[in-house]
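Given next are the chains, with one letter for each unit.
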Amino acid sequence: VQLQASGGGLVQAGGSLRLSCTVSGGTFSNYVMGWLRQAPDKEREFVAAITRSESNTYYVDSVKGRFTISRDNAKNTVHLQMNSLKSEDTAVYYCAARRGGYSAASFYAQRFDYWGQGTLVTVSS
C-alpha cells in the first residue's frame, strides 16, 4: 500500500491550503484515513481522521473549526482543507491509513498501519 501526499506549500497566516493523499495498492474504502503533522523541534501529533463511510470525523482541538477532513472513495483520495492557517500550523503533514477497528484513542496514539511521505506546510506570519 502506498500513500502519496501533496498540496503543501507556503501560505500567509489567515490563508488556506488543501492537502490531498492518494492511496494505491490496497482497497481504499477498507481504511480509516488520517492526517498527522510534525512541527520543527516537536513530536508528531494527530490532526484529523475520517472513518471508512465518512460517518465520523475526529480532530485535535487546535484545528477544530478550521480544518476539514474528507474522502472520495471513488478516487482513493483523502483531503485536508485547512483554513484560517496560523504560524503554529507550520509542519510536515503526513497522511496515514488504518485497517480494522479504531477508536479516538487509537488516533491520538497514532496507531496507523500505512504512512505517506509527508508534505511541508509553511505558514508565514
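In what follows, the accompanying structure is described. (Residues numbered from 1 in each chain as written. Predicted model: local features only at pLDDT ≥ 70, side-chain atom pairs only at ≥ 80, totals over all residues. Heavy atoms only, no water.)

Observations concerning the state of the cysteines
1) Next: Tallying each qualifying case throughout the model produces one disulfide.
2) Next: Across a sulfur-sulfur distance of 2.1 Å, Cys21 and Cys95 are joined as a disulfide pair. What sets the handedness of the Cys21 and Cys95 disulfide is the S-S torsion sign, and at about 55° it is right-handed. Residue Cys21 is found in strand 3 (residues 17-24), and its partner Cys95 is found in strand 9 (residues 91-98); the two are separated by 74 residues along the sequence. (Disulfide = S-S within 2.5 Å. Helix = DSSP H or I, 4+ residues; strand = E, 2+ residues; numbered from the N terminus.)

Quick notes on the pattern of salt bridges
1) Next: Inspection of the entire model under this criterion finds five salt bridges.
2) Next: The closest approach of N and O atoms between Arg37 and Glu45, which form a salt bridge, is 2.6 Å.
3) Next: The class for Glu45 is partly exposed, based on a relative accessible area of 30%.
4) Next: Between Asp61 and Lys64 there is a salt bridge, with its nearest N and O atoms 2.9 Å apart.
5) Next: When salt bridges that share partners are traced, they join Arg37, Glu45, Arg66 and Asp89 into one network. (Salt bridge = Lys/Arg side-chain N within 4 Å of Asp/Glu carboxyl O. Buried < 20%, exposed > 50% of the residue type's maximum accessible area, 1.4 Å probe, protein only.)

Some remarks on the packing of aromatic side chains
1) Next: A complete count under the given rule lists eight aromatic pairs for this structure.
2) Next: Measuring from ring centre to ring centre gives 5.9 Å for Phe107 and Phe112, while their planes differ by 15°; the resulting arrangement is stacked. Of the two residues, Phe107 and Phe112, neither departs from the other in class, the shared state being buried.
3) Next: Taken together, a centroid distance of 6.0 Å and an interplanar angle of 75° make the contact between Phe112 and Trp115 edge-to-face.
4) Next: What makes Phe112 buried here is its relative accessible area of 9%.
5) Next: Taking relative accessible area as the criterion, Trp115 reaches 29% and is therefore assigned partly exposed.
6) Next: Taken together, Phe46, Tyr58, Tyr102, Phe107, Tyr108, Phe112 and Trp115 form an aromatic cluster joined through their ring pairs.
7) Next: Between the NZ or CZ atom of Arg71 and the centre of the ring of Phe28, over which it lies, the distance is 4.4 Å. (Phe/Tyr/Trp six-rings, centres within 6.5 Å; stacked < 30°, edge-to-face > 60°. Lys NZ or Arg CZ within 6 Å of the ring centre and 35° of its normal.)

Description of the pairing of strand 11 (residues 119-124)
1) Next: Only one face of strand 11 is buried, namely the one carrying Thr119, Val121 and Val123, since none of Leu120, Thr122 and Ser124 on the opposite face is buried.
2) Next: The pairing of strand 2 (residues 9-12) with strand 11 spans four bridges and is classified as parallel. Bridging from a neighbouring strand, Gln12 pairs with Ser124 of strand 11.
3) Next: Strand direction decides the pairing type here: strand 9 and strand 11, joined by three bridges, are antiparallel. The partner of Val92 across the bridge, within strand 11, is Leu120. (Pairing = 2+ DSSP bridges.)

Quick word on the environment of Asp89
1) Next: Positionally, Asp89 belongs in the loop between strand 8 (77-82) and strand 9.
2) Next: The exposure class of Asp89 is buried, given its relative accessible area of 0%.
3) Next: When the C-alpha positions of Asp89 and Ser62 are compared, they lie 9.2 Å apart, and in sequence the two are 27 residues distant.
4) Next: Setting aside its immediate chain neighbours within four residues, Asp89 contacts Arg37, Arg66, Phe67, Ser84, Val121 and Val123.
5) Next: At 3.0 Å, the side chain of Asp89 forms a polar contact with the side chain of Arg37. (Contact = heavy atoms within 4.5 Å. Polar contact = N/O pair within 3.5 Å; in protein donor to acceptor, adjacent residues only side chain to side chain.)

Nothing here speaks to function; it is all geometry.
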